[in-house]
Each structure stands twice: as structure tokens, then as C-alpha cells.
Amino acid sequence: MTTPGTEVPAVPHRADRRLRTAWLAGVCSGLSAHLGWPVLVLRLGFVLLAASMGVGVVVYLVLWLALPRATEVPRAPGLEAARRGGLRTQQATSRPPADLGALTAVGLVGAGLLWFVQSTGLGLPAQVFWPALALTAGLMLIWWQADHIPNRSMRGLTGWRRWFGPLLAHWSRIVVVVAGLVCLGTAIGLIVAVVPVASETVRTLLVLALVVGVLLLAAAPWIVRVRRSLAAVREEAMLADARADMAAHLHDSVLQTLALIQRQASDPKAVASLARRQERELRSWLYGEPTEAATVKGALVAAAAEVEDDHGVDVEIVVVGDRALDPQTRSLVQAAREAMVNAAKHAGVGKVDVYAELEDEAVEVFVRDRGRGFVLDEIPADRMGVRGSIIERLRRAGGSATIRTAPDEGTEVRLEMTR
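Residues numbered from 1 in each chain as written. Predicted model: local features only at pLDDT ≥ 70, side-chain atom pairs only at ≥ 80, totals over all residues. Heavy atoms only, no water.

A. How the structure looks around the overall build of the protein. In terms of helices and strands, the protein carries 13 helices and five strands. Within the protein, the fraction of its 419 residues that count as buried is 31%. Considering only intrachain contacts with a sequence separation of at least 6, the fraction spanning at least 24 residues in the protein is 66%. With the model as given, the accessible surface of the protein reaches about 26200 Å², and the carbon-plus-sulfur share is 62%. (Helix = DSSP H or I, 4+ residues; strand = E, 2+ residues; numbered from the N terminus. Buried < 20%, exposed > 50% of the residue type's maximum accessible area, 1.4 Å probe, protein only. Contact = heavy atoms within 4.5 Å. Areas by Shrake-Rupley, 256 points an atom, 1.4 Å probe, with all protein chains shown as cover.)

See the structure below:
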């Protein structure tokens with residue numbers, strides 16, 4: 001909670017590409033949201049860099065591949081449930097229109113700077129400029145198509161259809177892809193025409209290398225898109241499996257317990273016992289705790305659960321640390337369980353507190369209640385609950401037990417064991 005006059009620092013947004021507000025690939029829009037800079041300044045900066053030896057074009061294309069597409073903001077669960085139930089129609093999120101004035105101005109500035117740099121001889125040589133221009137145009141046409149194919153067009157497709165089906169789904173996409181391939185072919189032809197070669201064999205190898213390299217560049221965003229789509233599908237499948245497991249567990253445990261509680265609603269003791277048992281089972285399942293006690297902590301928790309179920313009292317247990325269960329600590333756990341049973345049976349309280357500190361060199365367990373208490377010396381010699389099951393048992397295992405009690409002042413049993 002913040003006090004008046006204080007400001008919470010904003011969490012920096014992860015850099016991505018925002019196609020809804022994009023002029024081309026959303027690189028500048030995403031960087032603007034990430035850096036907090038005006039988007040027009042970034043666009044002008046890329047234009048200036050592009051007019052200077054084509055640096056801006058290379059940087060833009062690299063960011064086009066490296067930055068992921070921005071994910072849509074998830075709907076509220078209630079609205080999503082209403083939409084699935086037909087109670088609310090899904091509203092399409094239309095893309096806001098681009099500012100044609102700003103777009104035209106930036107385009108004219110870029111074209112003018114490019115003409116000025118090239119005409120003054122400060123730019124790229126003609127034998128490099130024109131192939132680079134054709135290559136850039138072809139890549140942008142094909143990459144733009146890969147960006148604007150919706151994910152639903154890729155679902156349900158397998159094999160080669162997943163790779164090429166969405167690109168060939170509409171005639172407009174086919175036209176754009178063909179235009180991009182023509183530009184790429186033109187770039188390859190211009191490069192081969194200006195590069196001196198020693199023989200036809202070298203020319204053929206050069207053409208093959210250029211074709212393979214250009215096709216890989218053209219397919220790069222599509223490959224990245226398909227890989228990210230497959231990763232998203234795997235994540236959705238994992239989430240669906242997790243939801244199914246949770247639903248099955250709730251049906252097998254929680255819902256069955258609720259049915260039992262409903263049948264035994266007239267018995268508060270039985271209802272409380274069922275609720276405590278179900279709480280332990282659910283916590284164990286949620287936090288992945290082992291069902292079999294292999295540690296001192298697990299054994300103490302299991303002993304407290306047994307006492308709760310058998311005697312209908314609430315055992316509040318807190319355990320700090322943990323260590324493996326061995327014969328000595330097993331005796332300590334049995335003594336602690338006997339102390340819990342005595343408190344549940346004779347203290348006349350509804351709750352017993354258990355606190356344990358578990359270290360490698362020492363173990364301490366405290367069992368407390370605020371019940372009626374007793375006088376230790378007045379316990380008959382034939383009663384083994386305190387003397388035999390707690391004090392003597394712990395002494396034989398190499399530990400010690402201390403009992404502090406008095407009538408109407410409750411009881412505290414301290415169990416200690418050191419190596």
C-alpha cells in the first residue's frame with residue numbers, strides 16, 4: 001500500500017512488435033512502448049539511418065526477426081465465460097487507421113534523403129544499391145505476409161500445410177508472395193550480373209548459394225512464427241492437462257468430502273474432522289508433499305493428522321527445518337504423538353499447539369495445551385502414557401523430555417534430542 005504523494009515506479013514493458021499500431025512491422029511501436037520515446041522520433045531515426053549506407057534497414061530487419069509479436073491482453077474471466085456461453089458476442093478488435101499525413105511525410109523525407117545521399121556519391125555504389133533495394137523489398141513483402149496470418153489459420157494443419165497452407169489461403173496473399181519472390185529473383189540476377197566469375201561452374205554455384213541464402217532469409221520469420229506457434233500449442237496442452245488433473249482431483253476428493261459433510265451435517269464433530277482431513281490432503285496435493293513420511297517433518301504432520309481424526313481436536317503444527325527420519329528421531333516422533341494424544345484426551349481443549357525445530361545437530365519439539373493440567377507426581381505408577389511412552393522412550397533413544405504442568409494452567413511437553 002502506497003502513501004499519498006509517493007509514486008510506484010512503472011515496470012518496464014518487454015520489447016516486442018505491436019502490429020495494431022504498426023506502419024510496417026511494429027518495430028518502432030514496440031520500441032516506443034518499451035523505451036517511452038515518441039514513436040515518430042524512432043521512425044525518423046530509422047529513416048535517417050536507412051538513408052546512410054542502409055544501416056537502418058539492416059537494424060530494422062534484425063529487430064523484425066528478434067522481437068516477438070505483442071500478445072493480446074486477455075479478457076476478464078467473466079467476459080470470456082459469457083462469450084463462450086453465447087451471452088456476449090465477441091467484438092472484433094479493429095486496427096486503428098494509420099496517420100496518412102505522418103506516413104506520407106516520413107516517406108517523402110526518407111525518399112528525399114535517399115536521393116540526396118545517392119546523388120552526391122555518399123551512399124552505396126549503384127551495383128550494390130539496386131540489388132540491396134530489390135532484396136529488401138522482396139523480404140519485406142514476404143515477411144509482412146507471415147506477420148499478418150492469424151493463428152487460427154495454422155490450427156488443425158499438419159505437415160507441409162502448416163508451412164504453406166496459410167500463405168496460399170487467399171489470392172491476395174499469393175499475389176504478394178509472388179511479387180516478393182520476383183523482387184528476390186531480381187536481386188539475385190543483379191548480384192550475379194555484377195560479380196565477376198571465372199567459369200560457368202563458379203557462376204552456377206554462386207547462383208545456387210544465393211538462392212538458398214535468399215530463400216532461408218525469406219522463410220526466417222515464417223520458421224520463427226511456426227516454432228512459436230508450436231510452443232504455444234504445447235503450453236496450451238500442458239495447461240489443459242493441468243486443469244484436467246485438478247478437476248479430477250477435486251472430483252475425487254473435495255467434492256466427495258463435501259457430500260459426506262452434507263450427509264453428516266447434524267454431527268459437528270464429524271464435520272470438523274472431515275474438513276481437517278480434506279484440508280491436509282488438499283495442501284499435500286497442491287504443494288507436492290510426499291504421502292509417506294520419510295522425514296521428521298512428514299512424520300510429525302502425519303501424527304498430528306491421526307490425532308485430529310481419532311480424537312476430534314485441532315492440532316496446529318509448525319515445523320521449522322527438516323531432516324531424515326532415523327530410529328532415534330522416530331522414537332521422538334512417537335513420543336510427540338503420545339503427548340498430543342494425552343492433550344487431546346485429558347486436557348479438555350479443542351486445540352493443541354505443536355512447534356518443532358529440526359536441525360542436523362539437534363531436534364526440539366514442544367507440545368502445548370491450555371487445558372486443565374495435572375500433577376505429575378500424582379500419576380499412578382501403572383499408567384504408562386507419560387512415563388513410559390514419553391519420558392522413558394525418549395531417554396532410551398538418547399534424548400530427554402521435560403514436562404511443565406499444573407492444575408488449570410495447561411501442559412507443555414518439551415522433547416529434545418541431540419547428536
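B. Up close: the pattern of salt bridges. Inspection of the entire model under this criterion finds ten salt bridges. A salt bridge links R368 to E412, with the nearest nitrogen and oxygen atoms 2.6 Å apart. Placement of the pair is R368 in strand β3 (residues 362-369) and E412 in strand β5 (residues 411-418), with a sequence separation of 44 residues. Assessed through its relative accessible area of 34%, R368 is described here as partly exposed. Through salt bridges with shared partners, one network takes in K351, D353 and R370. (Salt bridge = Lys/Arg side-chain N within 4 Å of Asp/Glu carboxyl O.)

C. Fine view of the side chain of T329. By the element assignment, T329 lies in helix α12 (residues 327-346). Judged by relative accessible area, which is 2%, T329 ranks as buried. Polar contacts involving the side chain of T329 include one to the side chain of D326, which spans 2.6 Å. (Polar contact = N/O pair within 3.5 Å; in protein donor to acceptor, adjacent residues only side chain to side chain.)

D. Representation of the packing of α12 against helix α13 (residues 387-396). Two elements in contact, α12 and α13, have axes whose closest approach is 9 Å; the angle formed by their N-to-C orientations is 165°. Between α12 and α13, the angle falls in the class roughly antiparallel. Between α12 and α13 lies a crossing whose hand is left-handed. Taking contact as the criterion, the partners of S331, L332, Q334, A335, E338, A339 and N342 in α12 are, on α13, S389, I390, R393 and L394. A class-by-class count of the residues in the contact of α12 with α13 yields five nonpolar, four polar and two charged. (Axes fitted to C-alpha atoms, helices over the stretch in contact; angles between N-to-C directions. Parallel < 35°, antiparallel > 145°, perpendicular 65-115°, else oblique. Left-handed = near helix turned anticlockwise from the far one by under 90°. Nonpolar A, V, L, I, M, F, W, Y, C, P; charged D, E, K, R; others polar.)

E. Structural detail: the packing of aromatic side chains. Taken as a whole and judged by the stated rule, the model has five aromatic pairs. Relative to Y60, the ring of F46 has its centre 5.4 Å away and its plane inclined at 90°; by these criteria the two rings are edge-to-face. Of this pair, F46 sits in helix α2 (residues 39-51) while Y60 sits in helix α3 (residues 55-66), placing them 14 residues apart in sequence. Overall, F46 belongs to the buried group, its relative accessible area being 13%. Between the aromatic rings of W64 and W143, the centroid separation amounts to 5.3 Å while the plane-to-plane angle is 85°, which identifies the pairing as edge-to-face. Of the two residues, W64 sits in helix α3 while W143 sits in helix α6 (residues 126-147), which places them 79 residues apart along the sequence. Owing to a relative accessible area of 2%, W64 belongs among the buried residues under this scheme. Taken together, F46, Y60, W64 and W143 form an aromatic cluster joined through their ring pairs. (Phe/Tyr/Trp six-rings, centres within 6.5 Å; stacked < 30°, edge-to-face > 60°.)

F. Representation of the sheet that holds strand β2 (residues 351-358) within the structure. One open sheet holds the five strands; their spatial order is β1-β2-β3-β5-β4, and the pairing between them is mixed. Either end of the sheet is taken by a strand with one partner, and the two such strands are β1 (314-320) and β4 (399-405). Strand-to-strand, the axes of this sheet are offset by a mean angle of 10°, without reference to chain direction. In terms of strand pairing, β2 meets β3 through six bridges, oriented antiparallel. Bridge pairing in β3 places Y355 opposite F366. With respect to the sheet, α13 is in contact with β4 and β5, its orientation differing from that of β4 by roughly 155°. (Pairing = 2+ DSSP bridges.)

G. Just the packing of α2 against helix α5 (residues 100-119), in detail. Packing of α2 against α5 leaves a shortest axis separation of 9 Å and a crossing angle of 20°. In terms of orientation, α2 and α5 fall into the roughly parallel class. α5 is crossed by α2, and the crossing has right-handed handedness. Contacts between α2 and α5 involve L40, L44, V47, L48 and A51 on the former and, on the latter, V106, V109, G110, L113, L114 and V117.

H. Representation of a nonpolar patch on the surface in the model. A contiguous nonpolar surface patch, about 500 Å² in accessible area, is contributed by M246, L250, W285, L286 and Y287. Listing elements by their share of the nonpolar patch, those giving two or more residues are α9 (200-263) and α10 (268-287). Among the elements that line the nonpolar patch, the one with the most residues is α10, at three residues. Inspection of the secondary structure puts L286 in helix α10. (Patch = residues over 30% accessible without salt bridge, like charges linked within 9 Å, V, L, I, M, F, W, Y side chains within 5 Å.)

I. Quick look at the pairing of β3. A large share of β3 lies buried, amounting to six of its eight residues. Direction of pairing for β3 relative to β5: antiparallel, over a ladder of eight bridges. Pairing of R368 across the sheet is with E412, part of β5.

J. How the structure looks around the confidence of the model for the protein. When pLDDT is averaged along the protein, the result is 77; 80% of the residues meet or exceed 70. For the protein, per-element mean pLDDT is lowest for helix α4 (residues 77-84), which scores 55, and highest for β3, which scores 93. Confidence drops under pLDDT 50 across residues 1-11; counting only partners more than four residues distant or on other chains, this segment forms one contact. (pLDDT = per-residue confidence, 0-100.)

K. Just unusual backbone geometry, in detail. Non-glycine residue D408 carries a positive phi angle of around 65°. The class for D408 is exposed, based on a relative accessible area of 67%.

L. Examining the pairing of β5 more closely. As judged from the seven bridges shared by β4 and β5, these two strands associate in the antiparallel manner. Paired with R404 across the two strands is E412, which belongs to β5. The turn joining β4 and β5, which pair antiparallel and follow one another in sequence, is formed by five residues; a positive phi near 65° is taken by D408.

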